[in-house]
Amino acid sequence: MEHASIMNKKRRVSDQLLEALIYLCAFLAVGLLLGIIGYVFWRGFRTVNWSFLVTEQSPTKGIMGIAGNIVNTLYIVVLTLLAATPIGVGGAIYLNEYAKPGKFVSLVQFTIETLTGIPSIIFGLFGNVFFGKIFGYSMLTGALTLTIMVLPLIARNTQEALRTVPDSYRSGALGIGATKWYMIRTILLPSAMPGILTGVILAIGRIVGESAALLFTAGSGYYLPKGGMGLFRKLFESGGTMTIELYLQMAKGKYDVAFGIACVLLALVLLLNLLTKYLAGRLNVENRK
Amino acid sequence: MAEKQSFSIKGNRKNKALVEHVAEAVFTVCALLAVVAVASITVYMIINGTPALFKVGIKEILFGTVWQPAAKDPSFGILYVILTSIVGTTAAVLIGAPVGILTAVFIEEIASPRLAAIVKPAVELLAGIPSVIYGLLGIYLLNPMMYKLEIALFADAPDHQFTGGANLISAVIVLAVMILPTVINVTVSALHAVPKQQKAASLAMGATRIQTIFKVLLPSARSGIAAAVVLGTGRAIGEAMAITLVSGSSVNMPLPFNSVRFLTTAIVAEMGYAAGLHRQVLFTIGLVLFVFIMFINISLTKILKGREDS
């Protein structure tokens, strides 16, 4: 990179200014990130302890715990993925393996891109009047709304992964007499698995961090489900995830609790990020072979 | 694709053909669901957003400036809300986009590969931070700072309504930070896609590194950068939870030190208790936001298409 120009000896002030500006912006961006993460951990660390994580909130007893919200978060993640993964993967398989280029394919591609661009508050409004009309403020309403929201993430990543599977795999499988569905099931899906998992983990990250789409769909309950039946009944009860509880606490001005939840959330986001990196690495290695 | 017939000599051919057809049908339905979802969102936003327009009057809602939904004689003018979203988003993009583009230049052109390998994931991480956390930091750190500034600036202005720092500037700063990762990531891939010969040619002609970046690389990647800015705009105009508390709680002209409501925050703040006509107007606000977003989406598709064609 150095000495690429023969004019190097001449110092240009405008060049140096611009270069300084570039450095400044980069340091600003990275500094912001480090600042945000550092500050949240530093400020929230004091609040987080074992009982904060494993007890249920009880305003009457004056106990603050986020166990109910943690369970709600997990619940909604599982429920959403149960619906979104098969649909997203299925849609991607259709687009990549079955569809012939044409109007329908570009329509589907366009709608997937549109879904990516729709802000979560719109999903929240839609979920509120569409699913909420049937199921009220409930985990089910929330999960169905989020299913539409994370669909493009899973579909796109699956498509990317399917594209990287060499065509020779397909013709090889079909050539020795496998049917198409058999080929997809035993050759394509396993080869595309790291990509699909990346999509799923990105979706988990999006669900964990989501708030605007859940406020008017899943609501803000904070009780733990009681027993096995309680877990089922929870489907039709309202439940706030950690982000919702964080928002409500901060609206009440209880910043200690809010930073405690932020701390837990951030740790979770960091973990998911590492997991995505690891999987992306695996996907690359597969490509190189 | 090739013949869909199965060539296996084992098993029942009819059954296999059936399974094949079912599989294809199921996958088609999955793909169709995305179309159905967008169609129903559009239809539902229109169904729920338009009644208030006719009940209150299009002019009264879109161009009215008085927002008093709970008054005895309620008034539902959302002009200031729309203007706030436009002004706030524009300001956030004007701040965030240059910083984001230059950071992308740093990652792609200036930084050593080792440094870039640290900065790039860090930026991606910035994208993963939940928006409520940005909001929390905004209200806890930014607002008090703004309040101090406000007290200093308006000490001699008796008719200024003090906002406690929850004002348009705070919201714009939070939004500008939030669009950084989007702008950076998309710009990085746009710069990456510029053919290496162009850079080599420019350097070989004696242009300096900085001249090459600003005269060759950035112009060459302009459609990708345009896409980055448009995506950032979409992100900023649709953001709700991060700025709900940071931007204040009353509907005002979008002036820097005014407490303001955005399209998104107006919905979040009042949806919980609104009923009847008030609720319908909130859906109208949602519809306005939806129209903005659709406009942004379509221009994005145009930009990306234009890039493919050229």
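Predicted, not measured: the structure shown is a model, and the values here were computed from it.

Chemist: Could you give an account of the overall build of chain A, with specific residues and numbers?
Modeler: The helix and strand inventory of chain A stands at 13 helices and zero strands. Along chain A, helices (α) and strands (β) appear in the sequence α-α-α-α-α-α-α-α-α-α-α-α-α when read from the amino end. Taken along the three principal axes of its C-alpha coordinates, chain A extends 70 × 65 × 35 Å. The burial tally for chain A puts 49% of its 289 residues in the buried class. Restricting the contact set of chain A to residue pairs at least 6 apart, pairs at least 24 apart contribute 76%.

Chemist: Can you lay out the overall build of chain B for me, pointing to particular residues and giving the numbers?
Modeler: Counting secondary structure elements, chain B contains 12 helices and two strands. When the helices and strands of chain B are listed from N to C terminus, the series reads α-α-β-β-α-α-α-α-α-α-α-α-α-α. A compact globule built from 310 residues should have a C-alpha radius of gyration of about 19 Å, whereas chain B, at 25 Å, is more than 25% larger. Taken over the C-alpha atoms alone, chain B extends approximately 85 × 65 × 35 Å along its principal axes. Buried residues in chain B amount to 50% of all 310 residues. For chain B, restricting intrachain contacts to residue pairs at least 6 apart in sequence, the fraction spanning at least 24 positions comes to 72%.

Chemist: Mind laying out the domain arrangement of chain A, listing which residues take part and the relevant values?
Modeler: For an interface, size is often stated in terms of accessible area lost upon the parts coming together. Residue and element names in this part refer to chain A. Once the domains are mapped, chain A shows domain 1 (1-44) and domain 2 (50-288). Placing a centre on the C-alpha atoms of domain 1 and another on those of domain 2 gives a separation of 35 Å. The interface of domain 1 with domain 2 comprises five residues on the first partner and five residues on the second. Classifying every residue of the side of domain 1 that touches domain 2 gives three nonpolar, one polar and one charged.

Chemist: Can you break down the packing of helix α6 (residues 168-192) of chain B against helix α9 (residues 222-238) of chain B residue by residue, with the values?
Modeler: Residues and elements named next belong to chain B. Orientation of α6 relative to α9, taken along the N-to-C sense of each, is 155°, at an axis distance of 8 Å. Considering the angle they form, α6 stands roughly antiparallel to α9. Considering how the two elements wind past one another, α6 and α9 form a crossing that is right-handed. Note on element contacts: α9 touches α6 through Gly224, Ile225, Ala227, Ala228, Val229, Leu231, Gly232, Arg235 and Ala236, opposite Leu175, Met178, Ile179, Thr182, Val183, Val186, Thr187, Ser189 and Ala190.

Chemist: Can you lay out the UniProt feature "domain: ABC transmembrane type-1" (unreviewed entry) in chain A for me, pointing to particular residues and giving the numbers?
Modeler: Those residues carrying the UniProt feature "domain: ABC transmembrane type-1" (unreviewed entry) are residues 70-276 of chain A in this numbering. The span residues 70-276 of chain A is 81% helix and 0% strand, and its two end C-alpha atoms sit 22 Å from each other.

Chemist: Go over the UniProt feature "domain: ABC transmembrane type-1" (unreviewed entry) in chain B with me, naming the residues and quoting the values.
Modeler: Under the feature "domain: ABC transmembrane type-1" (unreviewed entry), the UniProt entry names residues 82-300 of chain B. Annotated as residues 82-300 of chain B, this span is 77% helix and 0% strand, and its ends, taken at the C-alpha atoms, are 21 Å apart.

Chemist: Could you give an account of the packing of helix α7 (residues 139-164) of chain A against helix α9 (residues 180-209) of chain A, with specific residues and numbers?
Modeler: Residue and element names in this part refer to chain A. At a minimum axis separation of 8 Å, α7 and α9 run at an interaxial angle of 150°. On the basis of their axis angle, the class for α7 and α9 is roughly antiparallel. Along this stretch, α7 crosses α9, giving a crossing that reads as right-handed. In this structure, α7 uses Leu146, Val150, Leu153, Ile154, Arg156, Asn157, Thr158, Glu160, Ala161 and Leu162 to contact α9, whose residues at the interface are Leu188, Ala192, Pro194, Gly195, Ile196, Thr198, Gly199, Val200, Leu202, Ala203, Arg206 and Ile207. Classifying every residue of the contact of α7 with α9 by side-chain character gives 14 nonpolar, five polar and three charged.

Chemist: How would you sum up the interface of chain A and chain B? Please name residues and give values.
Modeler: Taken together, the 72 residues of chain A in the interface contact 74 residues of chain B. When residues of the side of chain A that touches chain B are assigned to their parent elements, the largest contribution, 16 residues, is made by helix α1 (residues 13-44) of chain A.

Chemist: Outline the environment of A:Pro152, supporting the account with residue identities and numerical values.
Modeler: All names here are of chain A. Summarising the element assignment, Pro152 is placed in helix α7. In sequence terms Pro152 and Thr116 are 36 residues apart; their C-alpha atoms lie 6.2 Å from each other. Excluding anything up to four places from it in sequence, Pro152 contacts Ile112, Leu115 and Thr116.

Chemist: Break down the UniProt feature "transmembrane region" (unreviewed entry) in chain A for me, citing the residues and quoting the values.
Modeler: Residues and elements named next belong to chain A. UniProt records the feature "transmembrane region" (unreviewed entry) for residues 21-42, 74-95, 107-128, 134-154, 187-208 and 257-280 in the present numbering. Along residues 74-95 the backbone is 100% helical and 0% strand, and the end-to-end C-alpha distance reaches 31 Å. For residues 107-128, helix accounts for 91% and strand for 0%, while the C-alpha atoms at its two ends are 26 Å apart.

Chemist: Go over the nonpolar core with me, naming the residues and quoting the values.
Modeler: One finds A:Ala262 and B:Val174 to be the most contacted residues of the largest nonpolar core, which totals 184 residues. No other element matches the 18 residues that α6(B) contributes to this core. If we skip the residues at most four places from it in the chain, B:Val174 touches B:Tyr134, B:Gly138, B:Leu142, B:Ala242, B:Ile243 and B:Val246.

Chemist: Please give an account of the UniProt feature "transmembrane region" (unreviewed entry) in chain B that cites residues and values.
Modeler: Residue and element names in this part refer to chain B. Mapped onto this structure's residue numbering, the UniProt feature "transmembrane region" (unreviewed entry) falls at residues 21-47, 78-106, 118-142, 162-188, 224-246 and 281-300. Counted over residues 162-188, helix gives 78% and strand 0%. Its end C-alpha atoms are 41 Å apart. For residues 281-300, helix accounts for 100% and strand for 0%, while the C-alpha atoms at its two ends are 29 Å apart.

Chemist: Got a sec to walk through helix α4 (residues 103-117) of chain A? Specific residues and values, please.
Modeler: Look at α4(A): 21 Å from first C-alpha to last across 15 residues, which is about the 21 Å you get at 1.5 Å a residue. Taken together, the buried positions of α4(A) are occupied by A:Val108, A:Thr111, A:Ile112, A:Thr114, A:Leu115 and A:Gly117.

Chemist: Account for the confidence of the model for chain B, naming residues and giving values.
Modeler: Residue and element names in this part refer to chain B. The share of residues in chain B with pLDDT of 70 or more is 95%, and the mean pLDDT across the chain is 88. The lowest-confidence element of chain B is strand β1 (residues 67-68), averaging 86 in pLDDT; the highest-confidence one is helix α3 (residues 79-110), averaging 94. The ipTM assigned to the predicted complex is 0.88, against a pTM of 0.89.

Rules behind the numbers
- Residues numbered from 1 in each chain as written.
- Chains lettered and ligands numbered in written order.
- Predicted model: local features only at pLDDT ≥ 70, side-chain atom pairs only at ≥ 80, totals over all residues.
- Helix = DSSP H or I, 4+ residues; strand = E, 2+ residues; numbered from the N terminus.
- Buried ≥ 20, exposed ≤ 12 C-beta atoms within 10 Å, placed from the backbone.
- Contact = placed C-beta atoms within 7 Å.
- Rg over C-alpha atoms; globule rule 2.2 N^0.38 Å.
- Domains from an automatic or database assignment.
- Nonpolar A, V, L, I, M, F, W, Y, C, P; charged D, E, K, R; others polar.
- Axes fitted to C-alpha atoms, helices over the stretch in contact; angles between N-to-C directions.
- Parallel < 35°, antiparallel > 145°, perpendicular 65-115°, else oblique.
- Left-handed = near helix turned anticlockwise from the far one by under 90°.
- UniProt positions renumbered as here; feature names shortened; annotations may be inferred.
- Core = buried A, V, L, I, M, F, W, Y, C linked by C-beta atoms within 7 Å.
- Expected span 1.5 Å × (residues − 1).
- pLDDT = per-residue confidence, 0-100.

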